[in-house]
Amino acid sequence: MKADDRRALRESIRVTRMATARDFLIGAISSLDEAELTLLQLGVLLLLDDGVPRTLKELAEVIGRSPSATSRLVDQLVRRKLLVREEDPEDRRARRVTRSPRAARLVAELLDRRTDAQISVMASLSDEERALVMRAFAILGEAAQRMTKKEVRR
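Remember, predicted model here, so these are calculated numbers, not experimental data. In this convention, every chain numbers its residues from 1, walking through the sequence in written order. With pLDDT at 70 or above as the cut-off, local features in this predicted model cover only qualifying residues; side-chain atom pairs require 80 or more to be listed or tallied, and sums for whole chains, interfaces and linings still use all residues. Remark: hydrogens and water are excluded; side-chain values derive from all non-hydrogen atoms of the structure.

Colleague: Just to check I follow, could you spell out the pattern of salt bridges for this structure?
Modeller: When charged atoms on two side chains of opposite charge get close, those side chains can pair. In what follows, salt bridge is the name for a side-chain nitrogen of Lys or Arg lying within 4 Å of a carboxyl oxygen of Asp or Glu. By the definition in use, this model includes seven salt bridges. As a salt-bridge pair, R99 and D49 come within 3.5 Å of each other at their nearest N and O atoms. Pair noted here: R99 is in strand β3 (residues 91-99) and D49 is in the loop between α2 (39-47) and β1 (54-55), with a separation of 50 residues, a long-range link. Assessed through its relative accessible area of 28%, D49 is described here as partly exposed. The closest approach of N and O atoms between R85 and D75, which form a salt bridge, is 2.5 Å. Of this pair, R85 sits in strand β2 (residues 83-88) while D75 sits in helix α4 (residues 67-79), placing them 10 residues apart in sequence. Labels follow the DSSP assignment, with helices taken as runs of H or I lasting at least four residues and strands as runs of E lasting at least two, numbered in each case from the N terminus. Residue burial is assigned from relative accessible area. The probe radius is 1.4 Å, only protein chains are included, and a residue is buried under 20% of its type maximum, exposed over 50%, and partly exposed in between.

Listed below in structure tokens is the structure:
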């Protein structure tokens, strides 16, 4: 991507995010407060939203915390029934962590709030512009899925 195109895209994304940030953040803060979650805890739930079980070591590496700090964080989320620990079928000494159905609902609610904020911005678009944006989001979604599949294979 050319530098000028990158700058223009960055500015467009920034303007769009600022237009939706207030409504999304107010809703997200409210949801986090209701669920008594920290931003780091939410990050762990988002990381595990792909349904791939991870070890404490893997989680610690991704979130940049020590294994002991990650263990305490996971313990808190397990006690609150947001994470589930499972025995690793390949190594009985190891435990893997996955999100619970409750965590899935919470993450879905937060993502729905963000999506609703973005859709409200689209209300001022013409039918033609809205169709173009919807197509662009479909393409971005496909690209994101390809990236996620590559990350999972690592």
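Colleague: Could you clarify how one ought to interpret the sheet that holds β1 in this entry?
Modeller: What links the strands of a sheet is backbone hydrogen bonding, and the strands pair in either a parallel or an antiparallel sense. Note on pairing: two strands pair once DSSP finds at least 2 bridges between them. If you trace the three strands from one edge of the open sheet to the other, you get β1-β3-β2, paired in antiparallel fashion. The outermost strands of the open sheet, each flanked by one partner alone, are β1 and β2. Inspection of the sheet shows β2 paired to β3 by six bridges, in the antiparallel sense. Of the residues in β3, the one forming a bridge with V84 is T98. In what follows, residue pairs with any heavy atoms lying within 4.5 Å of each other are defined as contacts. Working convention: axes come from line fits to C-alpha atoms, limited for helices to the stretch in contact. Angles between N-to-C directions cover 0 to 180 degrees. Sheet strands in contact with α4 are β2 and β3, and its direction is about 115° off that of β2.

Colleague: Got a minute to help me understand helix α3 (residues 56-63) in this structure?
Modeller: Helical geometry: 3.6 residues make up each α-helical turn, so side chains three or four residues apart lie on a common side. Taken together, the buried positions of α3 are L59, A60 and I63. All buried residues of α3 lie within an arc of 100° about the axis, which places them on one face of the element. Seen from the buried face of α3, the exposed residues on the opposite side, beyond 90 degrees, are K57, E61 and V62. Looking at the packing, one finds that the buried side of α3 touches α2, β1, α4 and β3. With its phi angle positive at about 70°, G64 sits one or two positions after the end of α3. Here, the arc refers to the directions that run from the helix axis to the C-beta atoms.

Colleague: What should I look at first to understand the nonpolar core in this one?
Modeller: Among soluble globular proteins, nonpolar side chains are generally buried collectively. The biggest cluster of nonpolar side chains holds 16 residues, and the ones touching the most others in it are L37, V44, L45, L77 and L83. Where this core is concerned, the elements lending two or more residues are α2, α3, α4 and α5 (101-122). Once residues within four sequence positions are removed from consideration, V44 is found in contact with L59, I63, L73, L77 and L83. Nonpolar cores were defined as sets of buried Ala, Val, Leu, Ile, Met, Phe, Trp, Tyr and Cys residues, with membership established by side-chain atoms within 4.5 Å.

Colleague: Is there a simple way to explain the packing of α2 against α4 in this structure?
Modeller: Axis angle and axis distance: for two packed helices, these are the angle between their axes and the distance between the axes, and together they describe the pair. Contact geometry of α2 with α4 gives a least axis separation of 11 Å together with a crossing angle of 80°. Taken together, α2 and α4 sit at an angle that is classed as roughly perpendicular. Contacts between α2 and α4 involve L40, Q41, V44 and L45 on the former and, on the latter, L73, Q76 and L77. In this count, Pro and Cys sit with the nonpolar residues alongside Ala, Val, Leu, Ile, Met, Phe, Trp and Tyr, while Asp, Glu, Lys and Arg are called charged and the others, Gly among them, polar. Residue composition of the contact of α2 with α4, grouped by class: five nonpolar, two polar and no charged. Oblique is the label for any angle not under 35 degrees, not over 145, and not in the 65 to 115 range, which are roughly parallel, roughly antiparallel and roughly perpendicular in turn.

Colleague: How should the side chain of T98 be read in this particular structure?
Modeller: The residue T98 is located in strand β3 in this model. Dropping the residues within four chain positions of it, T98 is found in contact with L48, P53, L82, L83, V84 and E86.

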